[in-house]
Structure formats: C-alpha cells, structure tokens
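# Residue-level structure breakdown
Single-letter residue listing:
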Amino acid sequence: MAVPDDPPAIEHPLLESNFLERRLYQLKLAGTAANDHTLVCLPTGLGKTTVSLLVTARRLEEVGGKSLMLAPTKPLVAQHADFYREALAIPDEEIVVFTGDVSPDDRAALWEESTVIMATPQVIENDLVGSRVSLAGVTHITFDECHRATGDYAYNYIAERYHADASQPLVTGMSASPGGDEEAILEVCENLGLREVEVMTEEDADVAEFTHDTDVEWERIDLPEEVLEIRDGLNEVISDRLEKLKELGVARSTQPDQSQKDLNRMRAELQKLINNDQSEGYKGMSVHAEVMKLRQAVTLVETQSVEAVRRYFERQRNQARTSGASKASQRLVSDPRVREAMRKAESFDQLHPKYRKTRMLLAETLGLEGGERVIVFTESRDTAEALTEFLNTSFDAKRFVGQGDREGSDGMTQNQQQEVLDQFRAGEFEVLVSTSVAEEGLDVPEVDLVLFYEPVPTAIRSIQRKGRTGRQSEGRVVVLMAEDTRDEAYFWISRRREKEMESELRELKGMAEDLESELDDAQQSLETYTTGAKVESNGGKPGDGEGGSSGSEGGREQPGLQKFAGAEAADGETTEEVETHEPSADGDGIEIVADQREMDATIARELSKREGIEIRLETLDVGDYVLSDRVVVERKSVADFVDSLVGGERSIFEQVGAMSRGYSRPIVIVEGEGLYEQRDIHPNAIRGALSSLAVDFGASVLRTESEADTTELLAVIAGREQDVSSREVSVHGEKGAKTLSEQQEYVVSAIAEIGPVTARSLLSEFGDVESVMIASEEELQEADGVGQVTAERIREVIGSAYTPSAN
C-alpha cells in the first residue's frame, strides 16, 4: 500500500518506514484488537488486513513469539504474504506460506524457523492433528473472512486448539460481513473465542473520507420469446416429474418453481423410504435427481445465457453415454421435450440480451467515460468462459475461475490466478470476468464498474463484490436482472438480506457491553478449553468430585467390570481398577497413527484435543488407524462396509488380508446403525461376511454407534495396548515375512521417518539402499518429493555420529 509523502505515515519499529498511510479508524480498531480477542468488521477495501498487521507488529515487539494468519483460499494467502513482506521490517524468509503445495515435513521444519506464517486453515488443521506444529508460541492469530467459522470448518478446530495450547493467545477475526443476523455473528464469536466486537461502517466520520458512493443500479432485461420457449419446455418436464413424486406422497405441488427448501424436504422423505427398504424410495430419488438437473438447466437459460445451457446439455449427453450413467441422466436426455429444448438451444443464433447489455455498459465505462478497469461477476463458469470469448471481440478480457477442472472446462492453477491478477493490477487488460472465486478479500484494484451478471442471493457475497469499487473515487455497480425469472427472486432476497445485515452492524455498534455479556453467558469460558479434555478423559475417577467411584454408576454395581479390572492383561500384568487407560501425568502418552484420508471424519481431530494423546498423520499402506505394533484398525461406516462386500476397488476381505499379514490383531470397526438394512442384501449374507472376517482372517469385528463412539473405542484400545501392555506403535507391524523390495522400502522409510512414498521415490531414483545412503543433499533432491529440508534431515540422520540416549 505505497503512499505519497503526504498524508503522514504510521511509524513502528517493526514496520517499514513511510509505508502505511496513517488512518485513524485503523489505529482505533488495532488498539482494541491488541488488547483482547476481537471481531473486526470493516467494509471491503478499507484495510482490514492493515488492522491485523498493526496488531501483529505490536505483539511481536511486545511479546515475541510467532504470528499466524489464516485465509480460506491460496490466492488470498499469497496476497497477504506479499503485503506483509512489503510492510514488516523483518527478513522475508521469516514470513512463510503454508498451503497444500508445501510438503508436511517441510512445513514442520519451516514452522520452527519462521516468525509469521500465512496459511490455509485445512493445512494448519492437518498439521495440528498430526502433531507437526505447536500453537504454544503463537502470540497472535488472525482468522480472515471469519464468517466461515461455522459448522465443521477448520477455523473452529484451530481456534479451540489455540486457546488451549497457546501460552499468550490473542485472536483477531476479520470480515466485511460476519453474518446475516445477531445469532450468526454471535456463533462466529463463540466458535473463535472472541470477546470484543468492533464495527465501523461507511457512515463513521473517520471512514467516510476514504469511501465514495457505490449506488447499485438494477438493469431489467427482457428475454426473447425463443429463450422463454426453451424454459417453458423444460418446466413442463419438471411438472411431469413432480407429479410422479406427488403420487409417492413426497411432493405437495407440481409447480416447477419449487423452493429449494421444499426440494430438500422431498429428498429427506425419500431417504426415509430408502431407510425403510421401500423400493419406491429408490425410484423417487432417481426422479428427484432428474428434477434437480432440469432446474439447473432452467436456471442457466433464465439467468445466464443460451450458450451456458447449451454447454450444460452437452455435458448431460456425454454423461448419459458413459457405462456408469444414472437412470436420471439417461431419462433426461431421451425425453422428447428435453431433446426439443436442446435443439432450440443449438439453433438459437441471436445475441442474448444480457450479452448485449454487458457489451453496452463496458463500452460506456471504458470508451465514453474513459474508465480503465471493469470486473464482471457471474455464478456460472460456463458463462464466464463464453462471456470472456464474446467480450474479447471488442475489449481485452480475461477469465478468472477456480482451480478445479470440470468436463469441458480447465481450472486455473494458483500461479495462473496470481498471474492474471498481477496483469489486471498492472493495467495489461481491461475486463476481468470472474466466478465467485474473486469475491473474498482478493486485492483486486479499484475499478470503474462492477457488473453483476445476475443478482446474488447472499448478503455476504453481494457486499464483498461491491467492495471492489468506490475505494479511491466514485464507482458504479450494475446488476442485470431478467424479468419474470429467478433473477427477480434473488433480487428481493439479496435486498432483504443486505438491509438486515446493514441494520445488524449498526445495532452492533451500540451494543458492545450487551454483546460482551451475551458472549460471556453463551460461550464456554476460555479457561475450559485448557481443562475440558482433562475432565472429559478423566471419566469420573476418584478424586474428581462427585460420582468418582470406579466400576459403579449412580451407586449401582456394574456386573463384570470388577472382574475385568482384575483380569490378566495380554502380557501377564494385572490392573488394579477399572481404567480408561489414559496415560498418567508423568507418562510418555499414547500415540495413534491415523491415515491422512481419515481427516474427512472428526475422529482424528477429536483425539488430538485430548491431553496425553498424540496423533501422527501418515499415508498408511493398510488400515485407517495403527494403535500398536500388533493392532491396526479398518473403520467402515455401515454403508461403506456393505459396499466393500459387493463392489468397489478393494473388498473388505482383501483389506483385512493385507492387515493380517503385518499385524497379529487386525480390527474392523463397523460404524453406524442399520447394518442389515443397507441395499437389497439378505442379512444372512452380511452375517456370513462378519463370520468369515472373524474365523477365516482372525479379525475382531466391533460395532460402534457413531464417530464419537468410535473415537472413545480407539482411545481405550490404544490405552490398553500402550499404557497397560507397554507396546509401541509401529506402522510396519510386528510380523510377516517381507519381500526383498519391502525390506528395502522399510529400511529407507525409517530414515528421518520419511515414510513409504518418499522411500519408494528414492529407491526408484538410486536403484538400491546403499546408493541412497551415500547420496549427497543435492543428489537426494533429484528424487520426486524430496525438497531441501527433507534432504538435509536425511543426511543429518545418516551422517551424524551416534550418541546413546540417556535412558
């Protein structure tokens, strides 16, 4: 944020001199945020990131430690890193970026050497679960776009761990639009442990001088008759399919403009039929899927363009031709009315009125008014690509889309996204046509026009989009709205939600004390973050207060537990009382190795919060969890378990067979209810499979009710194995003759715990174990997946003198 000599700049020992313009409102916000866990609400483009930077600089100077800044997307992380490197007077190499592009081992090493870390939340979540990094020394953490801190989003887990682990925590949450109502804002505050809310709007005197009007203009578009005919033909098919759902008793109306809420309700009712093993549920679900596909086509033709629906139809045709095509896809493309709609879309040769209006508005802005830059936002990637192609006949336009590839559409890599943004900032092209990927926080330069190709029915996204204009001079926001279409519905929803949010933010400004009181009452005290795991894992042992008797519940003896408590353990030791097998305060703790792919579940995250349990994430060759050198666990939901019996890449028998070759105590956990109600399989067939796993493969088959139940079971088994039986964890197992190649991989993978994937890469590169051992750091980096940090660690292990441990 380069500034001229006048106005005055902010001076601080850790900030580059004469770099940041002195803005009173930013200093006020930073002053509050530096003293307590604070939610900072500031309109887009007015420097939320600068507020976080000021707090970071103050904390690093006064307290020391590290600073962590989290942002939801890779481009946003890269942007923040560039800004911090320019603004902070610390070496650039101490400001590092953590994304999935950096290997876990390299991240662990970089963490120790860095002062400021910029990262996506999923990466930090994985590193915390896998015990690769510690938040103990982080003295300031920033959650950018913190309105995402709802549900199971990674922000929530990181915040809980931070409050529990950090010795001097300070949290700053940043958003231009933290939620649609007070309840949503309070939820964000509770999830992140925020206690202060600082709100500034464009009405504040300190802010007003840095903003300009961005009045929204609504341009109504009349669709041509040919387009309406395509829509009406598709709606006729939707009504026909809804009639079938009505006959099943799940649809209440056959009107094609059903709300999404009603469609979700229908799906839930169909799922109940399926759960009750009623064939009507499966048929209805297929019809429901067809309705959803048809509605998407209607939305495209109404709100986007004929070209967009034409591309959509082409994908549906291609999908229907594949061997695994669903019946819904096949019925959709074979219906005569849909085929007629396809034909009309392909023969439509007029210029869509939204295209025409877009071109006219751009000509006014960039030609007649002498503007320099325009952003066009659209919900559809098809539209973004087709519109970019169309606009390039008159202007210099480029698309800006997400990273995922889709059929007929390549995504953009992070480097490509960054390159396009850099070119746009430099004025190398005039028009950026973007999907929603550019909405959140990206520092796209001030533009003369923001054009919404369609209304956005979410206040958060709409406000963020409008923040792209009116920063330094008056800007213009135009929204295209097709008459008598879903555009109009979205228009009214958007207006209502934005007014609600603006009103809510104004109200929040005047209720700081009341809000603090509500947060104190509603959210768990921050101190419980540090004690909750202990209380939960204590399980009511003697000395914790009421109900602490062993082997009893409510004063009533539990038959069998005392006998179990005194029974011989597997290695001949006995236990004195009923134990949950949590480690003692002076013990080494319990280690559980979890497969990386298990991060889709909450189990590893929940276990990692517990005192005395350490999770290590690896890509396991067999099983999902390793609990000792003899116990490996394969976890299956009831649906996955049945699927593995009748199909899939590997059957459960293959998986357990591989487990039993390396571990003497393989365990299969079948999680969830309704095992005998999955698919159309006779219960005796499932019982037979369970019997085979136990008798033929020597596997223990255990049932759990939920992920929470599985979490408790894994903790107990690991505790018995490691704390009671004194067994160690080994991802290589305890037995089984290995092939020569397996033994070679085993030896190399043990070096600095680099794992089997890197071991295979090194052996493929060098040919044998001896060559790996004598290779230099530079030679080691020739192997795929081996960076400088990993190579240095390998050489350190191989080349360092052996020093016996004190034990």
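Residues numbered from 1 in each chain as written. Predicted model: local features only at pLDDT ≥ 70, side-chain atom pairs only at ≥ 80, totals over all residues. Heavy atoms only, no water.

## Points about the overall build of the protein
As a reminder of what qualifies: Strands are runs of DSSP state E lasting at least 2 residues, helices are runs of H or I lasting at least 4, and numbering of each runs from the N terminus. For each residue, the accessible area found with a 1.4 Å probe, counting protein chains only, is set against the maximum for its type, and the residue is called buried under 20%, exposed over 50%, and partly exposed in between. Contact criterion: two residues are considered in contact whenever any of their non-hydrogen atoms come within 4.5 Å of each other. Only the protein chains shown count as cover for residues, and all accessible areas are computed by the Shrake-Rupley method using a 1.4 Å probe.
The secondary structure content of the protein amounts to 32 helices and 21 strands. Taken across its 807 residues, the protein has 51% of its residues classed as buried. Long-range contacts, defined as pairs at least 24 residues apart, comprise 71% of the intrachain contacts of the protein with a sequence gap of at least 6. Surface exposure of the protein reaches about 36,700 Å², of which carbon and sulfur atoms provide 45%.

## Re the nonpolar core
Rules: By nonpolar core is meant a set of buried Ala, Val, Leu, Ile, Met, Phe, Trp, Tyr and Cys residues that side-chain atoms within 4.5 Å join together.
With 57 residues, the main nonpolar core has Leu 68, Phe 143 and Ile 158 as its most contacted residues. The element best represented in this core is helix H6 (residues 154-165), accounting for six residues. Counting 38 residues, the second-largest nonpolar core is a separate cluster that includes Ala 251, Val 287, Val 298 and Val 301.

## Concerning the environment of Ser 706
Along the chain, the position of Ser 706 falls in the loop between strand S21 (700-704) and helix H27 (707-724). Since its relative accessible area comes to 31%, Ser 706 is described here as partly exposed. Each C-alpha atom of the pair Ser 706 and Glu 671 lies 5.8 Å from the other, and the pair is 35 residues apart in sequence.

## A closer look at the sheet that holds strand S20 (residues 665-671)
Here is the rule we go by: Each pair of strands is called paired provided DSSP finds at least two bridges between the two strands. Between N-to-C directions, angles cover 0 to 180 degrees, with each direction set by a line fitted to C-alpha atoms, over the stretch in contact for helices.
Reading across the sheet, the six strands line up as S17-S16-S18-S19-S20-S21 and stay open at both edges, with mixed pairing between neighbours. Both outer strands of the open sheet, strand S17 (613-618) and S21, are each paired with one neighbouring strand and no more. Note that strand S18 (residues 625-626) and strand S19 (residues 631-637) share two bridges and pair antiparallel. Each residue of the ladder has a partner; that of Val 626, found in S19, is Val 632. Across the face of the sheet, helix H24 (residues 638-646) comes into contact with S19, S20 and S21 while running at roughly 100° to S19.

## Quick notes on the sheet that holds strand S11 (residues 431-434)
Whether parallel or antiparallel, the strands of a sheet pair through hydrogen bonds between backbone atoms. Strand order in the open sheet formed by six strands is S8-S13-S12-S9-S11-S10, and the pairing between neighbours is parallel. Looking at the sheet topology across the chains shown, the edges are occupied by strand S8 (216-221) and strand S10 (397-400). Taking each pair of neighbouring strands and ignoring which way they run, the sheet shows an average axis angle of 20°. Bridge count for S8 against strand S13 (residues 476-482) is six bridges, and the pairing is parallel. By the bridge assignment for S13, Arg 220 is matched with Met 481. Those strands touched by helix H17 (residues 414-425) are strand S9 (374-377), S10 and S11, and its axis lies near 140° from that of S10.

## Re the packing of aromatic side chains
Just so we agree on the cut-off: Here a Phe, Tyr or Trp ring, Trp counted by its six-membered ring, pairs with any other such ring whose centre lies within 6.5 Å, and the pair is stacked when the planes are under 30 degrees apart, edge-to-face when over 60, and tilted otherwise.
Applying the stated rule across the entire model yields 10 aromatic pairs. Ring plane angle 40° and centroid distance 5.0 Å describe the contact between Tyr 355 and Phe 390, whose orientation is recorded as tilted. Separated by 35 residues along the polypeptide, Tyr 355 in helix H15 (residues 353-368) and Phe 390 in helix H16 (residues 381-391) bring together distant segments of the chain. In textbook terms, an aromatic cluster arises when at least three aromatic residues are bridged by ring pairs, as seen for Phe 19, Phe 83 and Tyr 84.

## Topic: the environment of Glu 598
Structurally, the position occupied by Glu 598 is in the loop between strand S16 (590-595) and helix H23 (603-608). Overall, Glu 598 belongs to the buried group, its relative accessible area being 9%. Glu 598 sits 27 residues away from Tyr 625 along the chain, and the two C-alpha atoms are 8.7 Å apart.

## Overview of the pattern of salt bridges
Stated precisely, the cut-off is as follows: Here, a salt bridge means any side-chain nitrogen of Lys or Arg that lies within 4 Å of a carboxyl oxygen of Asp or Glu.
Under the counting rule described, the total for this entry stands at 44 salt bridges. Residue Arg 58 pairs with Glu 62 through a salt bridge whose shortest N-O separation is 3.3 Å. Of this pair, Arg 58 and Glu 62 both sit in helix H2 (residues 48-62), four residues apart, which is roughly one turn of the helix. The closest approach of N and O atoms between Arg 310 and Glu 307, which form a salt bridge, is 2.3 Å.

## Focus: the packing of helix H9 (residues 225-247) against helix H11 (residues 279-303)
The description of two packed helices rests on the angle between their axes and on the distance between the axes. Filter applied, for reference: Note on terminology: angles under 35 degrees are roughly parallel, angles over 145 are roughly antiparallel, angles of 65 to 115 are roughly perpendicular, and the others are oblique. Crossing handedness is read from the near helix: turned anticlockwise from the far helix by less than a right angle, it gives a left-handed crossing, and turned clockwise, a right-handed one. Note on residue classes: Ala, Val, Leu, Ile, Met, Phe, Trp, Tyr, Cys and Pro are nonpolar, Asp, Glu, Lys and Arg are charged, and everything else, Gly too, is polar.
Taken N-terminus to C-terminus, the directions of H9 and H11 make an angle of 160°; their axes are 9 Å apart at the nearest point. One way to sum up the angle between H9 and H11 is to call them roughly antiparallel. Every pair of crossing elements has a handedness; the one defined by H9 and H11 is left-handed. In contact with Val 227, Ile 230, Arg 231, Leu 234, Asn 235, Val 237, Ile 238, Arg 241, Leu 242 and Leu 245 of H9, H11 contributes Gly 284, Val 287, His 288, Glu 290, Val 291, Leu 294, Arg 295, Ala 297, Val 298, Val 301 and Glu 302. A per-class count over the contact of H9 with H11 returns 13 nonpolar, three polar and five charged.

## Digging into helix H5 (residues 121-129)
Burial analysis of H5 places seven of its nine residues in the buried class, the great majority of the element. Of the residues one or two after H5, Ser 131 is the one with positive phi, at around 60°.

## Describing the confidence of the model for the protein
As a reminder, the rule being used: Predictor confidence is given residue by residue as pLDDT, running from a minimum of 0 to a maximum of 100.
Confidence in the prediction for the protein averages 79 pLDDT; 80% of positions are at 70 or higher. Across residues 1-5, confidence stays below pLDDT 50; counting only partners more than four residues off in sequence or on other chains, it has nine contacts. Long-range and interchain partners of residues 522-587, a stretch whose pLDDT sits below 50, account for 85 contacts in this model, where long-range means more than four residues apart.

## Observations concerning unusual backbone geometry
For Ser 131, which is not glycine, the phi torsion reads 60° and is therefore positive. Mapping Ser 131 onto the fold places it in the loop between H5 and strand S5 (138-144). Unusually for a residue other than glycine, Glu 145 sits at a positive phi of about 50°. Among the structural elements, Glu 145 can be located in the loop between S5 and H6.

## Remarks on the environment of Phe 452
For Phe 452, the position within the fold is in strand S12 (residues 449-452). Put simply, Phe 452 and Glu 379 are 73 residues apart on the chain and 9.2 Å apart in space, counted from C-alpha to C-alpha.

## Focus: the packing of helix H1 (residues 24-33) against H2
Packing of H1 against H2 leaves a shortest axis separation of 9 Å and a crossing angle of 50°. When the axes of H1 and H2 are compared, the pair comes out oblique. Considering only the axes of H1 and H2, their crossing is right-handed. On the side of H1, the interface is formed by Gln 26, Leu 27, Leu 29, Ala 30, Gly 31 and Ala 33, while H2 contributes Thr 50, Val 51, Leu 54, Val 55 and Arg 58. Of the residues belonging to the contact of H1 with H2, the class tally is seven nonpolar, three polar and one charged.

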